Every structure is written in structure tokens, then in C-alpha cells.
Amino acid sequence: MTHTRFEVTETDCVGCGLCEKRAPENLRIPPGRSAATVVKQPEGAAETEACHEAADYCPMGALHALEPEAATKTAVSR
Ligand code: SF4
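Residues numbered from 1 in each chain as written. Predicted model: local features only at pLDDT ≥ 70, side-chain atom pairs only at ≥ 80, totals over all residues.

So, the site of the ligand
1) Next: By nearness alone, 14 residues border the ligand, and Cys 13, Cys 16, Cys 19, Ala 36 and Cys 58 come closest of all.
2) Next: Split by residue class, the shell around the ligand holds 12 nonpolar, 2 polar and no charged. (Near = placed C-beta within 6 Å. Nonpolar A, V, L, I, M, F, W, Y, C, P; charged D, E, K, R; others polar.)

Next comes the structure, spelled out in C-alpha cells:
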């Protein structure tokens, strides 16, 4: 089963840490960095839901869910 993938637009991220709190398995602000990153794409319904919640709570709209088709197109585009 394909789960929704997520990405952070680092230029929009202010490093508030809300997403990290919502989805600690998947989102993190690496040491020494000021923007969040997706450390692991969600696996299973619980992680996927946590990432959707994190995206909803992101005050900057910097965390995005990618539709499976879009992620596939991105992966194969040159
Ligand atoms: S919630 Fe949004 S602005 Fe805050 S650290 Fe996460 S991606 Fe960045």
C-alpha cells in the first residue's frame, strides 16, 4: 500500500518545532539546522495521520503532503 509522502519547503520553515512534536518518528530539526526535514516517510496509518496533523498545524505552510501520483511523477521526471 502506498502512503502519502511529505516534504518540507525549507525556505518557508521557521524552525518552530511543532511538526517535530506532532510526528517525532518522521520529522526533525537536525542539530545545527534551523529548518525541519523529513527523516523518514510515514509508514502505516498512525504515522501518516501524525504527519497530516503536523502539516495542518505548521504555521508557515512549509510542510506539504504529496499525493501518491504527484510523488510518482516527481520521482520519474527529469
Ligand atoms: S511546523 Fe512548519 S515551520 Fe515549524 S518546524 Fe515544522 S515545517 Fe518548520
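The discussion continues.
Quick look at the environment of Cys 19
1) Next: Relative to the elements of secondary structure, Cys 19 occurs in helix H1 (residues 18-22).
2) Next: As for Cys 19 and Glu 53, which are separated by 34 residues in sequence, their C-alpha atoms are 8.2 Å apart. (Helix = DSSP H or I, 4+ residues; strand = E, 2+ residues; numbered from the N terminus.)

Quick notes on the nonpolar core
1) Next: Ranked by size, the top nonpolar core spans 14 residues in total, and within it Cys 19, Ala 23, Cys 51, Ala 54, Ala 55, Cys 58 and Leu 63 carry the most contacts.
2) Next: Per-element accounting of this core gives the leading share, 4 residues, to helix H2 (residues 44-57).
3) Next: In this view, Ala 55 contacts Phe 6, Leu 63, His 64 and Ala 65; residues no more than four positions away in its chain are not counted. (Core = buried A, V, L, I, M, F, W, Y, C linked by C-beta atoms within 7 Å. Buried ≥ 20, exposed ≤ 12 C-beta atoms within 10 Å, placed from the backbone. Contact = placed C-beta atoms within 7 Å.)

Side note on the environment of Pro 59
1) Next: Relative to the assigned elements, Pro 59 resides in the loop between H2 and strand S4 (63-66).
2) Next: With 46 residues separating them in the primary sequence, Pro 59 and Cys 13 have C-alpha atoms 8.8 Å apart.

Overview of the environment of Arg 33
1) Next: Structurally, Arg 33 is set in the loop between strand S2 (27-28) and strand S3 (37-38).
2) Next: Considering only alpha carbons, one finds Arg 33 and Gly 15, 18 residues apart in sequence, at a separation of 8.4 Å.

Overview of H2
Because each turn of an α-helix spans 3.6 residues, side chains separated by three or four positions in sequence point in the same direction.
1) Next: Between its first and last C-alpha atoms H2 spans 20 Å; for 14 residues at 1.5 Å apiece the expected length is 20 Å, and the two agree.
2) Next: Within the sequence span of H2, burial applies to Ala 50, Cys 51, Ala 54 and Ala 55. Along H2, the residues classed as buried sweep out an arc of 140° about the axis, all on the same side. Across from the buried face of H2, at angles greater than 90 degrees, the exposed residues are Ala 45, Ala 46 and Asp 56. (Expected span 1.5 Å × (residues − 1). Arc of directions from axis to C-beta.)

This is a description of form; function is not addressed.
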